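Commentary on secondary and tertiary structure
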Amino acid sequence: MLRHIALFILLPATMLLSACRLNAETSRPVPAAVQPAKTPIPQPTITATPPPTFTPTETSTPTPSPTPTNTPTPTPTPIPSDRLVLAQRAYAGGDYETARFEFDALLADPGADAYEQRQALHWRGRSELKIGDTAAAIAGLQMFLQQHPSDELARAAQFNLGLAYEQSGQPQEAANAYLGTIIPDDPVNVYIYERIGDIRLKTGAYTETIAAYQAGINATDDPSFQVHLREGIAQAELRLNDNPEAAIAQYLDILDIAKIGAYRAKILRLLGDARIAADDPEDGYESYMKAVNLYPEAYDSYLALVELVNAGVPVDEFQRGLVDYHAGAYQPAIVAFEEYLTQPTPPAQKSPPSTDESPSAESTFASPILTNTQPAPKAAPPESTPPEHAAEALWYTGLSWKALGRYNSAILTFQKFIDAYPDAPKWGEAHLEMGQTLIKQDSHSRAKTVLRDFAAKNPDHPLAPEALWQAARLDMSDELFDQARAHLHTLVDKYPDGEYAADALYWAGQSAYKVEDYEGAVEDWATLVDKYPDSELISHSAYWRAIALQKLGQAEQAKTALTHLTNAPIDYYTLRARDLLTGQLPQPVPLKLPTQTELADEQAEAETWLRQWLNPTKTDNLSAVGVELQNDPAFQRGDALLKLGLRDEALIEFESAKNNWQDDALAMYQLSIYFQEKGLGRLSIISAARLIFLSPARTPEDAPIFIQRLYYPLYFEEVIFAEADKFKRDPALIAGIIRQESLFEPSAHSYAGARGLMQVMPTTGEYVAERGGFDNFNTDQLWLPYISIKFGAWYIDQQLRIFEDNQFAALAAYNAGPGNVLEWIKISDDVDIFVESIPFQEPRLYIRKIYVNLEAYRRIYGSP
């Protein structure tokens, strides 16, 4: 069964969830090493007795990928308790070879006590599984189950034994092992039954597949789980039993439950496939047509459209164009829209069929499949009555031409739209689109004329201020700073209460500063501070005003302004104000973690603070997860999944639990600590951030130091400190980058393809591996925390060398690439002008945020 829910991080971090939470596999395989394995000690196989419906079949064996060969050398002969900690840290950091070595050494140590031996045996098997040595993993986990059948780790050992069997191509044994982890009324049974069903589906065991999925349905009351498993049953009925009627029944049941438009489009498409397989093409095409008419933004609707077109079924040209457009098939979209626009009147069947379905606004899917030839733009005959959706068709035609890079055609189309449909909802937006298209065509003068004419003729239009804003910013990019300032002032004068007023004053000041009109700059920034005291640009303006005062020779006034700014909540500009007052950039300091005694004292102080404003009824341990939170089904599933080793699935459940309790400050405190203890950095940080937001503290630095440590944590500190020491770099810099890039979540990945803690791109990883001496590198290893930190540290060190220890330029290069920065840095060697002149917002914000992170890590963890 296809099971893919992408887990990724934005800052603030965001989850993308599918229609169902079940089986949230990430797109990344777990990399493993190929070093020679130890010869396993044969032990009796311990598996649960399965029901007679499960029979053995074959599965493929995944190919493990190697880890780099420069694995850190284990510390020499530590005492058993220290060795256990070392091994557990190596495992958590993804260094599974070192973990296996240390667990193995602990098992051979006669000084290790029963607890240490038990932990080592269990986690050695888990380490061998991660490496890909499935034979050793099976032997070790069987040994653990034989010696500790009632242990608290037994269920996890049994489940991981199932994983090992599955990876080694032994599906019957895998299913048996998974069955042995079923506990009556346990919240994760649904996950386990689905995994068994997936094995059986892959191996063609129809009866066992249906039995497993149905058992999963019976194990939960959650509709989102049930629809997902019904989809699996339908697949089994079609693929293994050739029973489309049974599949149709499942799809219809799903449609009675499912609400998300994109998922409904998928089920409608699958329903159409099943009906055609049942020799009912008419109903099959009707299902496809519903997807096309009701969910044009869904990619499955595009697949349904392809089936309709290939079958020669007439499709409304407008809907066809709409579906093509949202699928990224821009040329076929233009063909369809132009055909629609040439029709004198809409045909009788043009509107979507009457149904209880309702269109959804799902996200756009880009997967262009272009087969049609591109026509020249055509206009509807002037004497014809325009079809019902003519304005929309013309709008999407313009957008399609623009997406194809055919800017002249796009401009002509937008102009037709503007001329023909002055009452259309997108009429004002069409002017902005025309302006943006002209900018892409490098016709800046024409673009500014279009934008300003629109604003002048339509001053009350909601988009008029944005048009003026875009034109003025274009002046700035053309280095016409005097013109830009004048137009920005016009924007402020005309729309003083608009959303662009404060921004316009800030950039008016920047325009004045660029032409050395420092008095004008001071005036603009002072006006912003006076008129818009709640603006996010207050600290920006105050800082630049102080710099301009320095340029004017008003040193005392500048000093006063900077001193006042340093008393404001910490951000990039308050920190830069400190730099100017001290005359130097902050220097690295040694970092250290607090002792257990220090941490306990800090926690006691934090909980005294919590009691003062929360007045909790709980009088004992505030940090322990409360009973009500423990009873949250999502929390229960997350906790159980994490124990089994299904971390990615657990993350999605914990995300739901966090959202369920986000308005309860005490729950946020408890979850932040719980997540930290489990190594779930992102969730812990977000929970701490929410706690601070709900608290009397204005900013993180106003909260107790214990809360600040939750908000600015240090995970994988041994690797961070080791890499910082190797390159003679500031460990706070590495920690600050990790926090900004991933919030310490190893499974973080970006739309661009960056992955892991330090968000290293695969191509960058290959570059680092080649030049950094990492043999046997595979890009999947970038998911491993210790590899990500090593590669990220190597790369930031290189950028610092390239830019001669200019931290600002190096950070910009880490984010946007050194090639861009080599151009940007030509603008000025002044730090402030360089940062402010970066043409893209993302690297500017990136530098500012990491600068704040640097201060926080040095302040919170710096040695006294």
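Residues numbered from 1 in each chain as written. Predicted model: local features only at pLDDT ≥ 70, side-chain atom pairs only at ≥ 80, totals over all residues. Heavy atoms only, no water.

**Regarding the overall build of the chain**
To be explicit about the condition: To qualify as a helix, a DSSP run of H or I must reach at least 4 residues; to qualify as a strand, a run of E must reach at least 2; elements of each kind are numbered from the N terminus. When a residue's accessible area, from a 1.4 Å probe over protein chains only, is under 20% of the maximum for its type it is buried; when over 50% it is exposed; and in between it is partly exposed. Contacts were defined at the residue level, with two residues in contact if any of their heavy atoms lie within 4.5 Å. To be clear on the numbers: accessible area is Shrake-Rupley with a 1.4 Å probe, and residue cover counts the displayed protein chains and nothing else.
Check the secondary structure of the chain and you find 41 helices and zero strands. Burial status across the chain gives 55% buried among its 864 residues. Relative to all contacts within the chain whose residues are 6 or more apart in sequence, the contacts with residues 24 or more apart total 63%. Carbon and sulfur atoms make up 51% of the accessible area of the chain, which amounts to about 37300 Å² in all.

**Structural notes on the environment of Asp832**
By the element assignment, Asp832 lies in helix α40 (residues 831-837). Considering only alpha carbons, one finds Asp832 and Ile547, 285 residues apart in sequence, at a separation of 9.6 Å. Not counting chain neighbours up to four residues away, the residues in contact with Asp832 comprise Tyr543, Trp544, Ile547, Tyr572 and Arg576.

**So, the pattern of salt bridges**
Note the cut-off: Salt bridges, as used here, are contacts in which a Lys or Arg side-chain nitrogen is within 4 Å of a carboxyl oxygen on Asp or Glu.
One pass over the full model with this rule turns up 44 salt bridges. Its salt-bridge partner being Asp151, residue Arg118 comes within 2.9 Å of it at the nearest N-O pair. Highlighted residues: Arg118 in helix α3 (residues 114-131) and Asp151 in the loop between α4 (134-147) and α5 (154-167), separated in sequence by 33 residues. Look at Asp151 and you get buried, because its relative accessible area is 18%. The residue Glu429 makes a salt bridge to Lys426 at a minimum N-O spacing of 3.4 Å.

**Overview of the packing of helix α12 (residues 281-294) against helix α13 (residues 299-310)**
Where we set the bar: In this analysis, axes come from line fits to C-alpha atoms, helices being fitted only over the stretch in contact, and the angle between any two N-to-C directions falls in the range 0 to 180 degrees. In what follows, roughly perpendicular refers to angles from 65 to 115 degrees, roughly parallel to angles under 35, roughly antiparallel to angles over 145, and oblique to any angle outside these ranges. Crossing handedness is defined as follows: a turn of the near helix away from the far one that is anticlockwise and smaller than a right angle gives a left-handed crossing, while the clockwise case is right-handed. Three residue categories are used. Nonpolar comprises Ala, Val, Leu, Ile, Met, Phe, Trp, Tyr, Cys and Pro, charged comprises Asp, Glu, Lys and Arg, and polar comprises the others, including Gly.
Where α12 meets α13, the closest approach of the two axes is 8 Å, and the angle between their N-to-C directions is 135°. Regarding the angle of α12 to α13, the classification is oblique. The hand of the α12/α13 crossing is left-handed. Counting all contacts with α12, which are made through Tyr285, Tyr288, Met289, Ala291 and Val292, the residues of α13 involved are Ser301, Ala304, Leu305, Glu307 and Leu308. When the residues that make up the contact of α12 with α13 are grouped by side-chain class, the tally is eight nonpolar, one polar and one charged.

**Overview of unusual backbone geometry**
The backbone of Asp242 sits at a positive phi, close to 50°, despite the residue not being glycine. Within the secondary structure, Asp242 is located in the loop between α9 (223-239) and α10 (244-255). Residue class for Asp242 comes out exposed when judged on its relative accessible area of 66%.

**Focus: the environment of Pro314**
Mapping Pro314 onto the fold places it in the loop between α13 and α14 (317-326). Pro314 sits in the exposed class, given a relative accessible area of 68%. The spacing of Pro314 and Met289 is 25 residues in sequence and 9.8 Å in space, taken between C-alpha atoms.

**Here's the deal with the environment of Pro843**
Looking at where Pro843 falls in the secondary structure, it is placed in helix α41 (residues 841-861). A relative accessible area of 4% means that Pro843 is categorised as buried. Considered as a pair, Pro843 and Ala813 are 30 residues apart in the sequence and their alpha carbons are 8.4 Å apart. Sequence-distant contacts of Pro843, defined by excluding residues within four places in its chain, comprise Asn815, Ala816, Trp824 and Ile838.

**Some points on the packing of helix α11 (residues 261-277) against α12**
Contact pair α11 / α12: the axes reach a minimum separation of 7 Å and the direction vectors enclose 165°. For the element pair α11 / α12, the angle class is roughly antiparallel. Like other packed secondary-structure pairs, α11 and α12 cross with a definite hand, here left-handed. Here α11 contributes Ala265, Leu268, Arg269, Leu271, Gly272, Asp273, Arg275 and Ile276 to the contact with α12, which in turn contributes Pro281, Asp283, Gly284, Tyr285, Ser287, Tyr288, Lys290 and Ala291.

**Digging into the side chain of Arg452**
Quick reminder of the rule: Here a polar contact means two N or O atoms within 3.5 Å. Within protein one must be a hydrogen donor candidate and the other an acceptor candidate, and residues neighboring in sequence count only if both atoms are side-chain atoms.
Counting through the fold element by element, Arg452 comes out in helix α19 (residues 444-457). Residue class for Arg452 comes out buried when judged on its relative accessible area of 16%. Here the side chain of Arg452 touches Asp475 through a polar contact of 2.5 Å, side chain to side chain. The residues contacting Arg452, other than those within four sequence positions of it, are Leu468, Ala471, Ala472, Asp475 and His487.

**Here we look at the confidence of the model for the chain**
Worth spelling out the cut-off: Confidence scores per residue from the predictor, reported as pLDDT, run from 0 to 100.
Confidence in the prediction of the chain, expressed as mean pLDDT, is 88, and 86% of residues score 70 or more. Every residue in residues 1-75 scores below 50 in pLDDT, and together they form 220 contacts with partners more than four places removed in sequence or on other chains. This model gives residues 346-356 a pLDDT under 50, and the stretch forms 11 contacts once residues within four places in sequence are excluded.

**So, the nonpolar core**
Here is the rule we go by: Nonpolar cores were defined as sets of buried Ala, Val, Leu, Ile, Met, Phe, Trp, Tyr and Cys residues, with membership established by side-chain atoms within 4.5 Å.
Membership of the largest hydrophobic core comes to 226 residues, with the highest contact counts inside it found for Phe417, Phe654, Tyr669, Ile707, Ile737, Phe791 and Phe834. With 10 residues, α41 is the largest single contributor of residues to this core. Residues contacting Ile707, with those up to four places away along its chain left out, are Ala606, Trp609, Tyr669, Leu691 and Ile692. Core analysis: the next-biggest nonpolar cluster, separate from the first, contains 32 residues, Ala258, Ala262, Ile267 and Ala304 among them.

**Topic: the packing of aromatic side chains**
When we look at a pair of aromatic rings, we describe it by the centre distance and by the angle of the planes. Filter applied, for reference: For Phe, Tyr and Trp, where Trp contributes only its six-membered ring, two rings pair if their centres lie within 6.5 Å, and the inter-plane angle classes them as stacked under 30 degrees, edge-to-face over 60, or tilted in between. Put simply, a charge is over a ring when the Lys NZ or the Arg CZ is close to the ring centre, within 6 Å, and near the line of the ring normal, within 35 degrees.
As enumerated under the stated definition, the model contains 43 aromatic pairs in all. Here Trp395 and Phe417 contribute two aromatic rings whose centre-to-centre distance is 5.8 Å and whose plane-to-plane angle is 50°, an arrangement assigned as tilted. Taken as a pair, Trp395 in helix α16 (residues 390-403) and Phe417 in helix α17 (residues 407-420) lie far apart in primary sequence, 22 residues in all. Each of the two residues, Trp395 as well as Phe417, counts as buried. In this structure, Arg473 is placed above the aromatic ring of Trp507, and the distance from its NZ or CZ to the ring centre is 4.0 Å.

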